[in-house]
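Okay, here's what each chain looks like letter by letter:
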Amino acid sequence: MSMTEQQATQRVAELHQTLNRYNYQYYVLDEPTVPDAEYDRLMRELVELETAFPLLKMPDSPSQRVGGEALKAFSQVTHQIPMLSLDNVFGYDEWLAFVKRVQDRLKSDREIAFCAEPKLDGLAVSLRYEDGLLVQAATRGDGTTGENITENVKTIKSVPLRLNGDNIPAVIEVRGEVFMPKASFEQLNAQAIQKGEKTFANPRNAAAGSLRQLDSKITAKRSLAFYAYGLGYVEVQGQEADEWLSNSHFGRLEQLKTLGFPMCPEVKLLEKSADVEAFYQDILAKRDALSYEIDGTVFKVDSIELQQQLGFVARAPRWATAYKFPAQEEITILEDVEFQV
Ligand code: NAD
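Predicted, not measured: the structure shown is a model, and the values here were computed from it.

Draft legend 1. The arrangement of unusual backbone geometry in detail. A positive phi is found at D30, a non-glycine position, where the angle reads about 60°. By the secondary structure assignment, D30 is in the loop between helix 1 (5-28) and helix 2 (36-52). C-beta crowding within 10 Å serves as the criterion here: with 20 such atoms nearby, D30 is assigned to the buried category. The backbone of D131 shows a phi angle near 45°, a positive value even though the residue is not glycine. For D131, a count of 13 C-beta atoms within 10 Å corresponds to the partly exposed category.

Draft legend 2. Molecular detail of the confidence of the model for the protein. When the pLDDT values of the protein are averaged, the result is 92; 96% of them are 70 or greater. Within the model, the stretch residues 329-341 combines pLDDT values under 50 with 17 contacts to residues more than four positions away or in other chains.

Draft legend 3. Quick peek at the UniProt feature "active site" (unreviewed entry) in the protein. Mapped onto this numbering, the UniProt entry annotates "active site" (unreviewed entry) at K119. Considering the arrangement of structural elements, one finds K119 in strand 3 (residues 114-120). In this structure K119 comes out as buried when scored by C-beta crowding, with 21 C-beta atoms within 10 Å. K119 has contacts with I294, D295, G296, T297, V298 and A322, leaving out every residue within four places of it along the chain.

Draft legend 4. Up close: the packing of helix 1 against helix 2. Two elements in contact, helix 1 and helix 2, have axes separated by 10 Å at closest approach and are oriented at 145°. For the element pair helix 1 and helix 2, the recorded crossing hand is left-handed. Side by side, helix 1 and helix 2 meet where A8, R11, V12, L15, T18, L19 and Y22 of the first sit next to Y39, L42, M43, E45, L46 and L49 of the second. Across the contact of helix 1 with helix 2, the residue classes break down as 10 nonpolar, one polar and two charged.

Draft legend 5. The pairing of strand 3, seen in detail. Burial analysis of strand 3 places seven of its seven residues in the buried class, which makes it a mostly covered element. Across three bridges, the pairing between strand 3 and strand 9 (residues 268-270) is antiparallel. Residue pairing in the sheet places C115 in a bridge with L269 of strand 9. As paired strands, strand 3 and strand 10 (residues 294-301) are joined by six bridges and run antiparallel to one another. In the strand pairing of strand 10, E117 is matched with V298.

Draft legend 6. A look at the sheet that holds strand 4 (residues 123-130). The four strands are arranged 5-4-7-8 in an open sheet whose pairing can be described as antiparallel. On the outer flanks of this sheet lie strand 5 (133-139) and strand 8 (225-235), each paired with one strand and no other. Strand-to-strand twist of the sheet, defined as the mean angle between neighbouring strand axes without regard to direction, takes the value 25°.

Draft legend 7. Structural context of the nonpolar core. The biggest cluster of nonpolar side chains holds 40 residues, and the ones touching the most others in it are V125, V178 and A207. Sorting the residues of this core by element identifies strand 4, strand 5, strand 7 (171-179), helix 5 (182-194), helix 6 (203-211), strand 8 and helix 9 (249-259) as the ones contributing at least two each. Residue contributions to this core peak at six residues, all from strand 8. When neighbours within four sequence positions are excluded, V125 is seen to be in contact with A137, A138, T139, V153, G176 and V178. By size, the runner-up hydrophobic cluster in this structure holds 16 residues, among which are V99, V276, I283 and V301.

Draft legend 8. Representation of the site of the ligand within the structure. Inspection of the region around the ligand gives 24 residues, with Y26, D36, S85, E117 and A124 positioned closest. Among the elements of the structure, helix 1, helix 2, strand 3 and strand 4 are those that each provide at least two residues to the shell around the ligand. Among the elements that make up the shell around the ligand, the one with the highest residue count is helix 1 (four residues). Its residues assigned to classes, the shell around the ligand shows 13 nonpolar, five polar and six charged.

Draft legend 9. Highlighting the domain arrangement of the protein. In terms of domain boundaries, the protein breaks down into domain 1 (5-65) and domain 2 (76-333). Just the C-alpha atoms count here: the centres of domain 1 and domain 2 sit 24 Å apart. Taken together, the contacts link seven residues of domain 1 with 13 residues of domain 2.

Draft legend 10. Seen up close, the sheet that holds strand 11 (residues 320-324). Ordered by their spatial adjacency, five strands build an open sheet running 2-11-10-3-9, and the pairing between neighbours is mixed. With one partner strand each, in any of the chains shown, strand 2 (87-89) and strand 9 form the two edges of the open sheet. The sheet shows a mean angle of 35° between the axes of neighbouring strands, direction not considered. Along the sheet face, helix 3 (residues 92-106) touches strand 2, strand 10 and strand 11 and points at about 130° away from the line of strand 2.

Draft legend 11. Fine view of helix 1. The end-to-end C-alpha distance of helix 1, which contains 24 residues, comes to 33 Å, matching closely the 34 Å that a straight helix rising 1.5 Å per residue would cover. Three or more residues of helix 1 are buried, namely V12, L15, Y22, Y26 and Y27. Buried residues along helix 1 sit in contact with helix 2. Taken from the residues just after helix 1, D30 is the one with a positive phi, measuring 60°.

About the thresholds
Residues numbered from 1 in each chain as written. Predicted model: local features only at pLDDT ≥ 70, side-chain atom pairs only at ≥ 80, totals over all residues. Helix = DSSP H or I, 4+ residues; strand = E, 2+ residues; numbered from the N terminus. Buried ≥ 20, exposed ≤ 12 C-beta atoms within 10 Å, placed from the backbone. pLDDT = per-residue confidence, 0-100. Contact = placed C-beta atoms within 7 Å. UniProt positions renumbered as here; feature names shortened; annotations may be inferred. Axes fitted to C-alpha atoms, helices over the stretch in contact; angles between N-to-C directions. Left-handed = near helix turned anticlockwise from the far one by under 90°. Nonpolar A, V, L, I, M, F, W, Y, C, P; charged D, E, K, R; others polar. Pairing = 2+ DSSP bridges. Core = buried A, V, L, I, M, F, W, Y, C linked by C-beta atoms within 7 Å. Near = placed C-beta within 6 Å. Domains from an automatic or database assignment. Expected span 1.5 Å × (residues − 1).

Rendered as structure tokens:
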């Protein structure tokens, strides 16, 4: 049924209000009250209405924003290079449409290589190293301003406090995901039940709640882990950073490995865009056996030159997309009291 502009205006206002509330509960309080699938459905509805009625697309729409506001209890960090979110596709047809958009924008139908990665279900952090030493760690926050969580991140054993090797850049910001392995999450919730305390809805919220603690001793008691998946600002002495860095995203991840960063072992370089479906199916089949939670796969145009040509939109790069798994959370809503509002 098609809507009149007046009906659409009213529905868009309702969606803004609801999604802003869910964002606050999820990003600021680390306490979602609805499953992700429900949030994703409402966000899709909003994007469809904004596409059908472009005048209703406001600059402060939840569809244009990254994450939530940084908690004032932490000192604030301004990201030198913004930390964006990811657009997503559901299904192979949407994937093909994404590839077509990329090729159209590049005005080329040449085959594109993609870096294929699992979509880790934790929270994004940016780690800043100066002369090889970890000096600052920050959450993504609203993409521009994040929370200073340096002391908490230092308690994560897989995060290097000092970089390996002699060829170390003067400044390097490494981006990646802090997550809670499934076994640690189950143990944490079992302990909470024993003590009659509140449980966490899922490993993502447990990771976020554990990392955004004012007392780093509490963070230290939670088993968190980290995988690197990208870079922010880089400065190399006597050399352009671009010359020091590989011109392939996958190559850059290899460089990060050499510096001492842990990398998700499932990451692969795919020469052809048609190879993504096999990667997606393979990871989906492995999902339950993995020791950490994932909610899909991520595909990034591998060439940095092409990434730069493609650029960004308001909240996400044009050169990457998440290819998400079908929702599992529908089941959670029946089983998990956390989701009862
Ligand atoms: P997102 O999860 O859709 O995608 C971006 C994030 O993916 C990055 O910030 C990063 O943290 C993560 N990521 C994991 N693996 C990655 C990799 N290999 N490379 C790059 N990034 C990787 O991001 P978002 O904007 O934080 O959240 C939107 C999603 O969060 C929604 O789709 C919804 O599922 C959920 N959400 C739920 C509620 C709720 O109330 N239940 C509220 C808000 C958001």
